[in-house]
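Chain by chain, the residues run as shown.
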Amino acid sequence: MPPDVPPAELAIRARRVVTPDGTRPAMVRVSEGRIAEVGPFDAGPDAEPVVTLAGDEVLLPGLVDSHVHVNEPGRTDWEGFASATRAAAAGGITTIIDMPLNSIPPTTSAGALRVKREVAAGQVHVDVGFWGGAVPGNSPEVPGLVRDGAFGMKAFLIDSGVPEFPPLDQAGLVTAMEQAAALDSLVLVHAEDAAAVGSAPPAGGTGYSSFLRSRPAAAEIAAIEAVIDAARRTGARAHVLHLSAADAIGPLAAARRDGVRITAETCPHYLALAAEDIPDGATEYKCCPPIRERANAGRLWAALRDGIIDCVVSDHSPCPPELKRRGGGDFAAAWGGISSVQLALPVVWTEARRRGFPLDDVAGWMAAGPARIAGLDGKGAIAPGHDADLVAFAPDEGFVVDPARLYHRHPLTPYAGARLDGVVRRTWLRGRPVSGDRPEGRLLARRERAS
Ligand SMILES: [Zn+2]
């Protein structure tokens with residue numbers, strides 16, 4: 001051990017440790033909650049306790065899920081900080097960033113951010129950061145939100161589903177981006193174009209195909225073109241949330257080649273599920289933008305491989321079962337949102353391995369990628385100086401999804417009964433095992449940038 005490595009309080013070793021330089025046998029020494037060293041598996045005996053993972057376990061970096069709707073306060077009956085973060089930890093996610101809606105108040109002012117932080121304090125099982133929101137008229141609030149630690153601003157270009165978080169028009173989007181550029185922040189966009197959706201045939205009844213036609217790919221592409229245009233004009237950083245339409249990949253790739261500062265995420269359900277398989281009336285599959293056809297999903301995987309899509313995050317967005325209208329199965333009336341924070345890793349891994357991607361790629365998409373986009377420099381990788389957020393993952397163990405074993409407030413899920421690969425056996429947060437009865441997560445604030 002080099003002399004500048006501080007004494008460790010814990011070491012975890014495994015035959016397969018997923019590091020930024022590849023997977024290899026290693027011992028990870030933890031000191032004061034951070035990774036002090038990633039050394040040889042057989043490093044000499046030391047004073048600290050050594051945890052040796054089982055032969056079928058891989059040590060992964062704790063995942064970062066930058067797209068979670070916690071909804072507390074105000075709609076805590078939809079999802080709350082305690083249940084959401086417990087589900088996250090059980091799914092190998094050690095950091096979430098909360099979306100600025102559907103809580104009341106929405107996180108559109110420094111005062112609202114304070115309320116959210118007060119409510120979250122003392123009940124989170126993983127580390128939690130907060131996105132702010134950009135809505136019409138709140139631009140005077142944005143500098144305070146950024147100053148107080150919001151990681152960026154989320155905006156809609158179409159009805160958000162809740163009245164207290166209205167969408168921006170194109171001029172409003174440009175204003176938000178100008179502000180983001182001045183504050184060295186970023187704007188995250190729900191990219192569906194209101195006019196394009198408005199001119200599509202309306203969703204009606206229980207048929208999934210009718211719902212799918214009501215949220216066409218063209219609406220996503222039009223909105224993404226508008227985001228690209230605003231990012232190009234302002235020089236601001238933009239991030240496309242929950243990309244579903246594969247036809248948008250070409251414009252995104254072209255914009256990036258031109259130097260436009262734009263990134264994109266997709267979600268487990270767009271990668272692992274297909275419109276062709278969705279039964280009529282199965283509103284647990286409803287989300288916006290919608291799950292599209294199988295061929296579309298294949299192109300999203302290709303964009304992940306090519307680095308055009310940067311990360312995979314859950315968009316965990318639950319609601320009470322009555323709002324999902326399971327009884328009548330009406331897609332137009334049902335709330336749009338899929339609960340999956342606890343299942344995101346096995347859902348993605350099951351499909352990734354089938355397509356020949358290694359766990360290193362999954363860690364890149366679900367840990368390092370979201371950390372990079374949010375500016376969480378100390379998260380998302382097993383590397384010295386990073387927080388010791390770690391996961392013992394058994395990639396070859398299968399299981400059948402039993403909703404009764406989900407910690408989400410509402411277990412309604414499109415994955416019920418699905419056979420998945422990959423079991424999270426243990427999770428460590430800053431070097432301490434996460435347990436269900438000891439909420440030791442911290443509330444994170446975006447650091448001031450040095451540059
Ligand atoms: Zn969302």
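No experiment lies behind these values; they were computed from the predicted model shown.

Scoring rules and cut-offs
- Residues numbered from 1 in each chain as written.
- Predicted model: local features only at pLDDT ≥ 70, side-chain atom pairs only at ≥ 80, totals over all residues.
- Heavy atoms only, no water.
- Helix = DSSP H or I, 4+ residues; strand = E, 2+ residues; numbered from the N terminus.
- Expected span 1.5 Å × (residues − 1).
- Buried < 20%, exposed > 50% of the residue type's maximum accessible area, 1.4 Å probe, protein only.
- Contact = heavy atoms within 4.5 Å.
- Donors = N, O, S within 2.8 Å, 3.2 Å for Na, K, Ca; no water.
- Pairing = 2+ DSSP bridges.
- Axes fitted to C-alpha atoms, helices over the stretch in contact; angles between N-to-C directions.
- Phe/Tyr/Trp six-rings, centres within 6.5 Å; stacked < 30°, edge-to-face > 60°.
- Disulfide = S-S within 2.5 Å.
- Right-handed = clockwise from strand over helix to strand, strands pointing away.

(A) Structural view of helix H4 (residues 170-183). Between its first and last C-alpha, H4 extends 20 Å over 14 residues, near the 20 Å set by a 1.5 Å rise per residue. Restricting attention to buried positions, one finds in H4 the residues Gly172, Leu173, Val174, Ala176, Met177, Gln179 and Ala180. Next to the buried residues of H4 lie helix H3 (142-147), strand E11 (186-190), helix H7 (217-234) and strand E12 (237-240). Once H4 ends, the next one or two residues include Asp184, with phi positive near 55 degrees.

(B) Quick look at the side chain of His67. Here His67 is to be found in strand E6 (residues 63-68). Residue His67 is classed as buried on the basis of its relative accessible area of 0%. The residues touching His67, leaving out its near neighbours within four places in the chain, are Ile97, Met99, Lys154, Leu241, His242, Glu265, Val313, Ser314, Asp315 and His316.

(C) The arrangement of the coordination of the zinc ion in detail. Taken together, His67 (NE2), His69 (NE2) and Asp315 (OD) make up the full set of protein donors to the zinc ion, lying 2.1 to 2.2 Å away. The motif formed by the donor residues of the zinc ion, counted along the single chain, is H-x1-H-x245-D. You can see His67 sitting in strand E6 and its partner Asp315 sitting in the loop between strand E14 (311-312) and helix H11 (344-354), a full 248 residues away along the chain.

(D) Inspection of the sheet that holds E11 at higher detail. Taking strand neighbours across the sheet as the criterion, the six strands line up as E9-E10-E11-E12-E13-E14 in an open arrangement whose pairing is parallel. Here the strands that pair on one side only, and so sit at the sheet edges, are strand E9 (132-133) and E14. Where strand E10 (residues 153-156) lies against E11, four bridges are found, and the strand directions are parallel. If you follow Met153 over to E11, its bridge partner there is Val187. Lying on the sheet, H7 is in contact with E11, E12 and strand E13 (262-266); it crosses E12 at an angle near 165 degrees.

(E) Spotlight on the packing of aromatic side chains. Under the counting rule described, the total for this entry stands at 10 aromatic pairs. For the ring pair Trp78 and Trp335, a centre distance of 4.8 Å and an interplane angle of 65 degrees mean the geometry is edge-to-face. Here the residue Trp78 occupies a position in the loop between E6 and helix H1 (81-90), and Trp335 occupies one in the loop between E14 and H11, the gap between them amounting to 257 residues. Like Trp335, Trp78 is buried. Ring geometry for Trp131 and Phe151: centres 6.4 Å apart, planes at 75 degrees, overall edge-to-face. A residue pair is termed long-range when its members are at least 10 positions apart, and Trp131 in the loop between strand E8 (127-130) and E9 and Phe151 in the loop between H3 and E10 qualify at 20 residues.

(F) Geometry of the state of the cysteines. Per the stated rule, a full pass over the model turns up zero disulfides. The structure places no disulfide on Cys288, whose sulfur is separated from the nearest cysteine sulfur, that of Cys287, by 6.8 Å.

(G) Here's a closer look at the pairing of strand E7 (residues 93-98). Most of E7 is tucked away, with six of its six residues classed as buried. Note that E6 and E7 share four bridges and pair parallel. In the strand pairing of E7, Asp65 is matched with Ile96. Note that the unit made of E6, H1 and E7 has a crossover that is right-handed. Pairing between E7 and E8: four bridges, direction parallel. Note that in E8 the partner of Asp98 across the bridge is Phe130.

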